[in-house]
Amino acid sequence: MIIDGSVQIAGVRNLEEARMLLACGADLLGFPLRLPVHVPDTSEEEARAVIAAVGPASCVLITYEEDPDRLVGLCRFLNVGTVQLHADIPPASLARIKALAPLFIIKSYVVGRENCGPEAFARAYSPVCDAFITDTFDPATGASGATGRVHDWAVSAELVRLSPRPVILAGGLGPRNVRDAILAVRPAAVDVHTGVEAPDGSKDQRLVAAFVQAARAGFAETPTV
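Residues numbered from 1 in each chain as written. Predicted model: local features only at pLDDT ≥ 70, side-chain atom pairs only at ≥ 80, totals over all residues. Heavy atoms only, no water.

### Here's the deal with the overall build of the protein
In plain terms, the rule: What counts as a helix is a DSSP run of H or I of at least four residues, what counts as a strand is a run of E of at least two, and both are numbered from the N terminus. Radius of gyration here uses only the C-alpha atoms, and the compact-globule reference equals 2.2 Å multiplied by the residue count raised to the power 0.38. Throughout, exposure labels follow a simple rule: accessible area from a 1.4 Å probe, protein chains only, divided by the maximum for the residue type, with under 20% read as buried, over 50% as exposed, and the rest as partly exposed. Contacts were defined at the residue level, with two residues in contact if any of their heavy atoms lie within 4.5 Å. Accessibility throughout is a Shrake-Rupley quantity obtained with a 1.4 Å probe, and a residue counts as covered only by protein chains that appear here. Neither His nor the chain termini are counted; the positive set is Lys and Arg, and the negative set is Asp and Glu. Note on charges: their place is set at NZ of Lys, CZ of Arg, CG of Asp or CD of Glu.
If you tally the helices and strands in the protein, you get eight helices and eight strands. Over its C-alpha trace the protein gives a radius of gyration of 16 Å, about what one expects of a compact globule, namely 17 Å for 225 residues. Principal-axis analysis of the C-alpha atoms gives the protein an extent of 40 × 40 × 35 Å. For the protein, the residues scored as buried account for 52% of the 225 residues in total. In the protein, the proportion of contacts linking residues at least 24 apart, taken out of those at least 6 apart, comes to 60%. Surface accessibility of the protein: about 9,800 Å² in total, with carbon and sulfur atoms responsible for 52%. Distance from the positive charge centre (20 side chains) to the negative charge centre (26 side chains) of the protein: 3 Å.

### Examining the pairing of strand β2 (residues 28–33)
This is how it is decided: Seen with its strands pointing away from the viewer, a crossover is right-handed if its path from the first strand over the helix to the second goes clockwise. Pairs of strands are assigned from DSSP output, requiring at least two bridges between the strands.
Most of β2 is tucked away, with six of its six residues classed as buried. As a crossover connection, the stretch from strand β1 (residues 6–10) through helix α1 (residues 15–23) into β2 is right-handed. Judged from the five bridges that link them, β2 and strand β3 (residues 59–63) form a sheet pairing that is parallel. Across the sheet, residue L29 finds its bridge partner in β3, namely C59. Crossover connection from β2 via helix α2 (residues 44–54) to parallel β3: handedness right-handed.

### Looking at the sheet that holds strand β6 (residues 131–136)
By definition, the strands of a sheet pair up through backbone hydrogen bonds, in either a parallel or an antiparallel sense. We count it as follows: Angles run from 0 to 180 degrees between N-to-C directions of axes, and those axes are lines fitted to C-alpha atoms, restricted for helices to the stretch in contact.
Read once around its circumference, the closed barrel built from eight strands follows the order β1-β2-β3-β4-β5-β6-β7-β8, with strand pairing classed as parallel. Going across the sheet, the axis of each strand differs from the next one's by a mean of 30°, ignoring polarity. Packing of helix α8 (residues 205–221) onto the sheet brings it into contact with β1 and β8 (189–192), and relative to β1 it is tilted by some 150°.

### Re the environment of Q8
As for its placement among the helices and strands, Q8 is situated in strand β1. Residue Q8 is classed as buried on the basis of its relative accessible area, which comes to 1%. For the pair Q8 and A26, spaced 18 residues apart in the sequence, the C-alpha separation amounts to 6.1 Å. In contact with Q8, other than residues within four places in its own chain, are L28, G30, V60, I62, Q84, V190, D191 and V192.

### Structural notes on unusual backbone geometry
Despite not being glycine, N79 shows a phi value in the positive range, around 65°. Considering the arrangement of structural elements, one finds N79 in the loop between α3 (68–78) and β4 (82–85). Of note, the phi angle at R186 is positive, near 60°, even though the residue is not glycine.

Just geometry here; none of it tells us what the structure is for.
Below, the structure written as structure tokens:
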């Protein structure tokens, strides 16, 4: 899976929306399932059908599922090879997942929820995952993603600096701030969910296109190292 310079858009509702997101330039589509707070945008069966139609290479399972066997079973059901884990799951469980299936694992670092700093987190999780994603904790709801809240980008920038794994930046991003966020954090990729939605929760094509354009501009201005 190629992350560098990628734009991921999470919360795909149906096939029509998925195709629109890809047409607007999204590289990756996120499918949040088995969530403790939010209601999933699709059922697992619907997500499977969308993934089959657009192809699994561009699709990412986003989940709080913690049980390695159930998680691998869900990935096989959906036919996805990339999973983004937002639960407070220990490194040993990630090692178990890796032993069960050759999945590309993206582990979240949720600013405001984690009980360790970026350096300790990177040291503990780098051996058992392939990438990180930083996101924002909402203490009012207990949500660890899709909160629409921006966290302190300095924390994400520190993880980028310390991590041997690529870091995806999420949390309150939208067309107006994603370029600045990329320049401040220098992530490998960005992720957006609520920041490109219409009031009814569907993805707004104009906002999606503007987000992708702004993100591309930010990555173009970010020096490679």
